[in-house]
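Chain and residue survey
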Amino acid sequence: MKNNLSIPNFNSALERFRNLSYKLLDVLQGVRVKRHYDDIKFVMQHYGSEKAIQKRTNYLNDILHHAVTTCSYFKQYKNYNSIADFPVTDRNIIANNFSDFLSSTYKNKKNHEVSTSGSTGVPFVTLHNKQKCLRHNAEVIYLGERANFTLGQKLIYFKLWPEIRAKSWIRNTCYYSVLGLDEEGIDKMMAEVKQDCKTGLLGYSSAFERICRHLDRTNAKPMNHCNVNSIIAMSERLNDYTKEAVKKYFKTTIVSRYSTMELGIMAQEEMNRTGCFKINSGSFFIEIFDMNRDVPVAPGTYGRIVVTDLFNYAVPLIRYDTGDVGQLEIIKNSEGVDEPFLVNVEGRKLDLILNTKGEILPSQISSYMAKY
């Protein structure tokens, strides 16, 4: 009996060790991530407070002022009154005029390069300054906690990895490519899940659907003593089948995350509110624009998701058209305060099907075409 109990105890000790090691490292480096973490947590948890409102306002004003004073592209808007005076940009505009978007302040500084694969759009490369990277690290930690994942726990990560990745002991992460997620790959993953340690799953929505379909076909039984305590879906729309099947097999609620490589985590579905994505208002200002014109639409109206990144000072993304569509609705939050939530995030505009009235038909072309 002692031997059986020693495995989960050892794994729990390793989780705490990794968590404390990361925090200690951050302390030695000046608690840079912790400061961002505390700030994001405060702004998101106290959305309606005067202090949170002032923080959001200051962050927006600061990035706009920085853009018009250090970026050639935005200098013509130096007499702006508000963000409404700024144009809508997108990855094509930025890629074709990159030197004009690059801040003169950060031109010769060490920045972090990020790129998107362009799997459902145009490949895109941009830069993140140091504070943007720290902010992103902090939002990954905090929003992970909102989905029951604690830094240091085991993570199984499903993605279209460009190369085979070995398991990372330091990060406590197992990497699975969605291209190799066949029956054998799923069985291997399930063996990982059944080990005696708390586990989080992160990956494409279609990967979780594929896993559940396999479990259906093999008449697998629900994991009554499942160690999976966090499941986060990303990149694709999460359908009702996958939500129910995940809950059946893993005894855990799956939440959807709205994020992109060039921006970070912009919003995440609430655990107790299906379809309601709480906006990362400490790091982003989000607007919904008309499908064909560069004008904002009223809450509750479908449109293009346009984002202003409040912390990327190297290459300011002001009113950046993500290429995705969705809608904002004003909903009372846990404080009883009216707050805008993203709802019905449908994914890439290029993937949409419209009826003869120009209305969006809920669909996910990519998931249907994947088998071909």
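All of these numbers come straight from a predicted model, not from anything done at the bench.

About the cut-offs
Residues numbered from 1 in each chain as written. Predicted model: local features only at pLDDT ≥ 70, side-chain atom pairs only at ≥ 80, totals over all residues. Heavy atoms only, no water. Helix = DSSP H or I, 4+ residues; strand = E, 2+ residues; numbered from the N terminus. Buried < 20%, exposed > 50% of the residue type's maximum accessible area, 1.4 Å probe, protein only. Contact = heavy atoms within 4.5 Å. pLDDT = per-residue confidence, 0-100. Arc of directions from axis to C-beta. Axes fitted to C-alpha atoms, helices over the stretch in contact; angles between N-to-C directions. Left-handed = near helix turned anticlockwise from the far one by under 90°. Nonpolar A, V, L, I, M, F, W, Y, C, P; charged D, E, K, R; others polar. Core = buried A, V, L, I, M, F, W, Y, C linked by side-chain atoms within 4.5 Å. Patch = residues over 30% accessible without salt bridge, like charges linked within 9 Å, V, L, I, M, F, W, Y side chains within 5 Å. Areas by Shrake-Rupley, 256 points an atom, 1.4 Å probe, with all protein chains shown as cover. Salt bridge = Lys/Arg side-chain N within 4 Å of Asp/Glu carboxyl O. Lys, Arg positive; Asp, Glu negative; His and termini not counted. Charge placed at Lys NZ, Arg CZ, Asp CG, Glu CD. Pairing = 2+ DSSP bridges. 1 Å grid on protein atoms, 1.4 Å probe; cavity = no way out; pocket = protein on both sides within 12 Å on 5 of 7 lines; lining within 4 Å. Points joined across faces, edges and corners; volume = space filled by probe spheres on them. Polar contact = N/O pair within 3.5 Å; in protein donor to acceptor, adjacent residues only side chain to side chain. Phe/Tyr/Trp six-rings, centres within 6.5 Å; stacked < 30°, edge-to-face > 60°. Lys NZ or Arg CZ within 6 Å of the ring centre and 35° of its normal.

1. Regarding the overall build of the protein
Assigned secondary structure in the protein consists of 10 helices and 15 strands. Counting across all 372 residues of the protein, residues that qualify as buried make up 49%. Across the protein, the fraction of contacts at a sequence separation of at least 24, relative to all contacts at a separation of at least 6, is 61%.

2. Considering the confidence of the model for the protein
With 86% of its residues at a pLDDT of at least 70, the protein reaches an overall mean of 87. Below a pLDDT of 50 lies the segment residues 1-5, which in the model reaches 0 contacts outside its immediate sequence neighbourhood of four places, other chains included.

3. Observations concerning helix 7 (residues 183-193)
For an α-helix, 3.6 residues make a turn, and residues three or four places apart therefore share a direction. Among all positions of helix 7, only Gly185, Ile186, Met189, Met190, Glu192 and Val193 are buried. Along the axis of helix 7, the buried residues cluster in a sector spanning 150°; they form a single face. Exposed residues lying more than 90 degrees from the buried face of helix 7 are Glu184 and Lys188.

4. Points about the packing of helix 2 (residues 32-45) against helix 3 (residues 50-70)
Relative to each other, helix 2 and helix 3 sit at 120°, their axes nearing to 8 Å. Classified by chirality, the crossing of helix 3 by helix 2 is left-handed. Where helix 2 abuts helix 3, its residues Asp39, Phe42 and Val43 lie against Lys51, Ala52, Lys55, Arg56 and Tyr59. Partitioning the contact of helix 2 with helix 3 into residue classes produces 4 nonpolar, no polar and 4 charged.

5. Description of the nonpolar core
The tendency in soluble globular proteins is for nonpolar side chains to be buried side by side. Residues Phe74, Tyr258, Ile286, Ile305 and Leu342 are the most contacted members of the largest nonpolar core, which totals 39 residues. It is helix 3 that contributes the most residues to this core, 6 residues altogether. Of all hydrophobic cores here, the second largest spans 38 residues; its members include Leu202, Cys226, Tyr249 and Val255.

6. Overview of the environment of Ile232
Note on placement: Ile232 falls in strand 6 (residues 228-234). For the pair Ile232 and Ile254, spaced 22 residues apart in sequence, the C-alpha to C-alpha distance is 5.7 Å. Residues within four places of Ile232 in sequence aside, it is in contact with Ala147, Leu201, Leu202, Gly203, Phe208, Val255, Arg257 and Gln268.

7. Considering a negative patch on the surface
On the surface, a cluster of negative charge is contributed by Asp182, Glu183, Glu184 and Asp187. Looking at the secondary structure, you find Glu183 in helix 7. Looking at Glu183, the relative accessible area reads 48%, which means it is partly exposed.

8. What to know about the pairing of strand 10 (residues 284-289)
In terms of residue burial, strand 10 counts as a mostly covered element, since 5 of its 6 residues are buried. Both strand 10 and strand 11 (residues 303-309) contribute to a ladder of 6 bridges, which runs antiparallel. The residue of strand 11 that forms the bridge with Phe289 is Arg304.

9. Digging into empty space enclosed by the protein
Summed over the entire model, instances satisfying the criterion amount to 1 cavity of 30 Å³ or more. If you add up the space inside the largest cavity, you get close to 40 Å³. Taken together, Leu143, Arg146, Ala147, Gln268, Glu269, Glu270, Met271 and Lys278 form the lining of the largest cavity. Listed by contribution, the elements that provide at least two residues to the lining of the largest cavity are helix 6 (130-146) and strand 8 (264-270).

10. Here we look at the side chain of Asn129
Checked against the element boundaries, Asn129 lands in the loop between strand 2 (124-128) and helix 6. For Asn129, a relative accessible area of 2% corresponds to the buried category. Here the side chain of Asn129 touches Ala314 through a polar contact of 3.2 Å, landing on its backbone nitrogen.

11. Some details on the environment of Leu143
Position of Leu143 among the secondary structure elements: in helix 6. Residues Leu143 and Ala267 lie 124 residues apart in sequence; the distance between their C-alpha atoms is 8.8 Å. Discounting chain neighbours no more than four positions away, the residues touching Leu143 are Met44, Arg257, Ile265, Gln268 and Asn280.

12. Comments concerning unusual backbone geometry
At Asn148, a residue that is not glycine, the phi angle is positive and equals roughly 75°. Relative to the helices and strands, Asn148 is located in the loop between helix 6 and strand 3 (154-159). With relative accessibility at 39%, the residue Asn148 sits in the partly exposed group. Despite not being glycine, Arg319 has its phi angle at roughly 50°, a positive value. Inspection of the secondary structure assignment puts Arg319 in the loop between strand 11 and strand 12 (320-332).

13. Points about the packing of aromatic side chains
Aromatic ring pairs are described here by two measures, namely the spacing of the ring centres and the angle between the planes. Tallied over the entire structure, the rule returns 11 aromatic pairs. Each ring, one from Tyr80 and one from Phe86, has its centre 5.1 Å from the other, and the planes form 65°; the classification is edge-to-face. Ring geometry for Phe124 against Tyr320: centres 6.2 Å apart, planes inclined by 25°, an arrangement best described as stacked. Of this pair, Phe124 sits in strand 2 while Tyr320 sits in strand 12, and the two are 196 residues apart along the sequence. Accessibility classification places Phe124 together with Tyr320 in one group, the buried group. The side chain of Arg56 reaches across the aromatic face of Tyr47, ending 3.9 Å from its centre.

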